[in-house]
Amino acid sequence: MSTVAFIGLGIMGGPMARHLAGAGYDVVGFNRSPEKTEQLVEAGGRAADSAAGAVDGADIVALMLPDSPDVTDVVTGAVFDTAKPGTLIVDFSTIRPDVARDLAQQAADRGLRMIDAPVSGGQAGAENAALSIMVGGADADVADARPLLDVVGKTVVHVGPAGAGQTVKAANQLIVAGNIALLAEAVTFLQAHGADLPAAIEVLGGGLAGSAVLNQKAQKMLDGDFAPGFRIDLHHKDMGIVAESARQAGVVTPVAALVAQLVAATRAAGDGDLDHSALLRTVARLNGASS
Ligand code: NAD
C-alpha cells in the first residue's frame, strides 16, 4: 500500500483524498485550515499538522492548492526538504505552465519526480471520482501515477511533457469561462422575454447549445444559487494564465480578453468567493440591475 501525502483539502482536494483513502492508499492529509482533515480521517486517512509531516515517509505527494505561489512554496519548501529520493509529486492544482515546467526540472535536479495533472469536472467531478485529468510529464512517471489518477479520474490523458497538462488546462478554462458568459447572457435574454426558463433550458440542453456547463450551471443560475463550486477568484487567476500563455505564444485571443474582463468585473463587484456561475450577476448589472 503506497503512502500518499495529500496537501490542500479544499473543495476539490477533500473528496479526491477521501477517494484515495477509500481505494486503499494510506493517505496523510494536510491543509492550512486544519479542520478540513476531519472528513479525511473519517474516511480512513490520517491527519498531519504540517506539510513536512505529511510528506515525511510518503511515496507520492499529491497537491491540490489554489495558485502557482502556493504550489511553489510547498514544493520548494516542505517537499524538497523532506521527500525521500524518487518520490513522485503529482500536482493536481491549476498553475502556470512555465512554473510547472520549472518545478519539474528543479525536482529532477534533486532526484525527485514531478508531473502536472490539473483536472476538470468541477466539484461534482471530484465528489464522483469522474474528473478529466490532463497529464504532463515523463512517460515512466505518468505510468507510475496512472493507478492513482484512475481512482479520481474517468478521462485521464497524457498530453505531453511537464507543463503540457497546464497548457491544456488553460485552454479548458478559456472554454468554460466563455461558455458560462454566453449562458449568463442567454439566461438574461430569456428572462427579458418572459420565456419559460426551465423549458428553454431543457430544450437547449438537447441541441447543439447543450454542454456540461449548461447541465451543471443553468439550474444554479435560475435558482440564484451561487455557492461554490469553482470560485470566481480562481477563474480570475486562470484567465490570467490564459492571457499570459497566449502572449508567450504570440496568439491572439480576443474572446478570452473580453471574458477575462467580465470575470474581473465580477470579482471587483465583490463576488470573488461566489461560484463562476455568478457571471450572471455581472451580466445582470450590465443590464441595469442594482446588485
Ligand atoms: P479551495 O480554495 O477550496 O481549496 C484549496 C485548499 O488549499 C484550501 O482548503 C486551503 O486552505 C488550502 N491551502 C492553501 N494554501 C495551502 C498551503 N500552503 N498548505 C496547505 N493547504 C493550503 O480550492 P479548490 O476549488 O479545491 O481548487 C484547488 C485547485 O483546483 C485550484 O488550482 C483550482 O483552480 C483547481 N480546480 C478547481 C475546480 C473547482 O471546481 N473547484 C475544478 C478544477 C480545478
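Since this is a predicted model, take the numbers as computed values, not measurements.

Analysis parameters
- Residues numbered from 1 in each chain as written.
- Predicted model: local features only at pLDDT ≥ 70, side-chain atom pairs only at ≥ 80, totals over all residues.
- Heavy atoms only, no water.
- Core = buried A, V, L, I, M, F, W, Y, C linked by side-chain atoms within 4.5 Å.
- Buried < 20%, exposed > 50% of the residue type's maximum accessible area, 1.4 Å probe, protein only.
- Helix = DSSP H or I, 4+ residues; strand = E, 2+ residues; numbered from the N terminus.
- Contact = heavy atoms within 4.5 Å.
- Near = heavy atom within 4 Å.
- Polar contact = N/O pair within 3.5 Å; in protein donor to acceptor, adjacent residues only side chain to side chain.
- Areas by Shrake-Rupley, 256 points an atom, 1.4 Å probe, with all protein chains shown as cover.

The next thing to look at is the nonpolar core. Counting 30 residues, the largest nonpolar core has Phe6, Met16, Val90, Phe92, Ile133 and Leu149 as its most contacted members. Broken down by secondary-structure element, the contributors of at least two residues to this core are β1 (3-7), α1 (13-22), β4 (60-63), β5 (88-91), β8 (131-136) and α7 (139-152). Sorting elements by how many residues they give to this core places α7 first, with five residues. Beyond its immediate stretch of four places on either side in the chain, valine 90 contacts Ile60, Val61, Ala62, Leu63, Ile115, Ala117, Ala145 and Leu149. Among the nonpolar cores identified, the runner-up in size contains 28 residues, and Ala51, Ala58, Leu63 and Ala100 belong to it.

This part is about the site of the ligand. Near the ligand, the surroundings consist of 27 residues, among which Ile11, Met12, Asn31, Pro66 and Lys237 are the closest. Within the backbone of proline 66, one N or O atom sits 2.8 Å away from an oxygen atom of the ligand. Note that an oxygen atom of the ligand is positioned 2.8 Å from one of the side-chain N or O atoms of lysine 237. Here the ligand has 830 Å² of accessible area as a free molecule, and 92% of this is covered by the chains. Those elements that place two or more of their residues in the shell around the ligand are α6 (122-127) and α11 (232-249).

This is a description of form; function is not addressed.
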